[in-house]
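A look at the structure
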Amino acid sequence: MKSSTKVYLLLITRVFLPLIIISVNMFILTLNGHDYRAITICRKASEGEPYRYTREFSGAAALTDFCVKENYVYLLFEGTGVLKVYDLSGKYLHSYAFYTESGGRSELHVTADRVYLEDQSGDVYSFANGEFERYYERDSANCPNQFRDDLKRSSSDGVQYKRKWASIVALTPEGVQKTIISRPFFHVFFEPKASYTIHFLAFIYLVVIHFGSRRNHNAGQ
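These notes cover the structure that comes with them. Within every chain, residues take consecutive numbers counted from 1 along the sequence as written. Totals for whole chains, interfaces and linings use every residue, but because this is a predicted model, local features are given only for residues with pLDDT of at least 70 and side-chain atom pairs only at 80 or more, for both listing and counting. Values shown for side chains rest on all heavy atoms present in the structure; no hydrogens or waters enter the calculation.

1. Here we look at the pairing of strand 8 (residues 124–128)
Under the convention used in this document: Residue burial is assigned from relative accessible area. The probe radius is 1.4 Å, only protein chains are included, and a residue is buried under 20% of its type maximum, exposed over 50%, and partly exposed in between. Starting at the N terminus, helices and strands are each numbered in turn, a helix being any DSSP run of H or I of at least four residues and a strand any DSSP run of E of at least two. Between any two strands, pairing holds if DSSP finds at least two bridges.
Across the five residues of strand 8, five count as buried, placing the element largely inside the fold. Pairing of strand 7 (residues 115–118) with strand 8 involves four bridges; the strand directions are antiparallel. Residue pairing across strands places Val115 opposite Phe127, the latter belonging to strand 8. Linking two consecutive strands that pair antiparallel, namely strand 7 and strand 8, is a turn of five residues; a positive phi of about 95° is found at Gly122 within it. Pairing of strand 8 with strand 9 (residues 131–136) involves five bridges; the strand directions are antiparallel. Paired with Val124 across the strands is Tyr136, a residue of strand 9. Once strand 8 ends, the chain turns through two residues before running back antiparallel as strand 9, passing Asn129 with a positive phi of about 55°.

The following block contains the structure:
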């Protein structure tokens with residue numbers, strides 16, 4: 001093999017390939033918070049009043065939290081400010097878009113008969129039977145703060161709900177597993193943890209290749 005070909009192969013495997021992986025990964029991280037269809041819908045929401053819509057969009061967004069209450073499954077896509085509602089058979093019902101301004105983390109909480117979404121600023125939205133019910137400002141005297149998150153992903157009949165890659169599965173007390181909400185596998189790469197892990201591994205690869213090249217160079221002298 002010619003020396004020039006070797007040089008090109010070394011450049012591709014040791015420099016350009018990791019840089020391409022990092023660049024694609026950064027693009028995915030950026031895309032996660034910029035599903036422009038969802039952003040457009042979120043503009044229809046106002047503070048304290050989420051916008052309800054029935055058309056389902058399956059964009060580039062990370063599933064950051066989910067819970068099960070009564071006969072409904074709630075999926076929170078924090079990067080786009082969207083809460084999707086499904087029934088226990090996995091049928092999509094509707095979504096709520098939320099007005100978001102600042103960074104932070106939104107979370108889902110549950111009580112015996114309600115689901116609560118706590119947004120980045122600490123304000124709380126309550127849901128019952130799959131529908132938006134009420135908005136509570138963070139500093140209001142009646143803002144809920146006592147939750148039962150141990151019941152967040154289980155039903156009264158003992159079924160446990162878990163994430164499996166990008167999908168949601170149900171596990172019965174008998175150990176039978178069934179996919180309730182199926183999402184494409186590649187959606188897992190929109191999860192921040194997955195993206196940061198890939199980014200980190202690519203960086204480590206560059207470091208190892210760099211020091212390995214220096215060691216081989218010194219050994220050849």
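2. Description of the pairing of strand 6 (residues 107–110)
Across four bridges, strand 6 lies against strand 7 in antiparallel orientation. Looking at the pairing, Val110 lines up with Val115 of strand 7. Between strand 6 and the antiparallel strand that follows it, strand 7, lie four residues.

3. Points about the sheet that holds strand 2 (residues 65–69)
Cut-off, in case you're wondering: To obtain an axis, a line is fitted to C-alpha atoms, over the contacting stretch when the element is a helix, and the angle between two such axes runs from 0 to 180 degrees between their N-to-C directions.
Reading across from one edge, 1-5-4-3-2 is the order of the five strands in this open sheet, with antiparallel pairing throughout. Because the sheet does not close on itself, it has two edges, and the strands there are strand 1 (51–53) and strand 2. Within this sheet the neighbouring strands show an average axis-to-axis angle of 20°, counted without direction. Bridging between strand 3 (residues 72–77) and strand 4 (residues 82–87) involves six bridges; their strand directions are antiparallel. Counted as the bridge partner of Leu76 is Leu83 from strand 4.

4. Observations regarding the environment of Ile41
The condition is simple: Working rule for contacts: check all heavy atoms of both residues, and any pair within 4.5 Å makes them a contact.
Position of Ile41 among the secondary structure elements: in helix 2 (residues 36–42). Expressed as a C-alpha distance, the spacing of Ile41 and Tyr99, which sit 58 residues apart in the sequence, is 9.6 Å. The residues touching Ile41, leaving out its near neighbours within four places in the chain, are Tyr51, Tyr53, Phe57 and Ala97.

5. Observations regarding the packing of aromatic side chains
Applied cut-off: The aromatic pairing rule takes the rings of Phe, Tyr and Trp, using the six-membered ring of Trp, and pairs them if the centres are within 6.5 Å, calling planes under 30 degrees apart stacked, those over 60 edge-to-face and the rest tilted. By definition, being over a ring means that NZ of Lys or CZ of Arg is both within 6 Å of the ring centre and within 35 degrees of the ring normal.
Inspection of every chain in the model, using the stated rule, returns eleven aromatic pairs. On the basis of an interplanar angle of 55° and a centroid distance of 6.1 Å, the ring pair of Tyr125 and Phe132 is categorised as tilted. Residue classification places Tyr125 among the buried residues on the basis of a relative accessible area of 2%. When the centroid spacing of 5.1 Å and the interplanar angle of 50° are considered together, the rings of Tyr125 and Tyr135 count as tilted. Taken together, the residues Tyr125 in strand 8 and Tyr135 in strand 9 connect sequence positions ten residues apart. Among the aromatic residues, those joined into a ring-pair cluster are Tyr74, Tyr96, Phe98, Tyr125, Phe127, Phe132 and Tyr135. The cationic tip of Lys84 hangs over the ring face of Phe77; the distance from NZ or CZ to the ring centre is 5.1 Å.

6. Section: the nonpolar core
Convention followed: The criterion is simple. A nonpolar core is a set of buried Ala, Val, Leu, Ile, Met, Phe, Trp, Tyr and Cys residues joined through side-chain atoms within 4.5 Å.
In terms of nonpolar packing, the biggest core is built from 21 residues, with Tyr53, Val73, Leu75, Tyr86, Tyr161, Ile168 and Ile181 touching the most fellow members. At the level of secondary structure, the elements contributing two or more residues to this core comprise helix 2, strand 2, strand 3, strand 4, strand 5 (92–97), strand 11 (167–171) and strand 12 (177–181). Per element, the largest residue contribution to this core is three residues, and it comes from strand 3. What Tyr53 contacts, discounting residues up to four positions off in sequence, is Ile41, Val82, Tyr92, His94, Ser95, Tyr96 and Ala97. Counting 13 residues, the second-largest nonpolar core is a separate cluster that includes Leu76, Tyr96, Phe98 and Val110.

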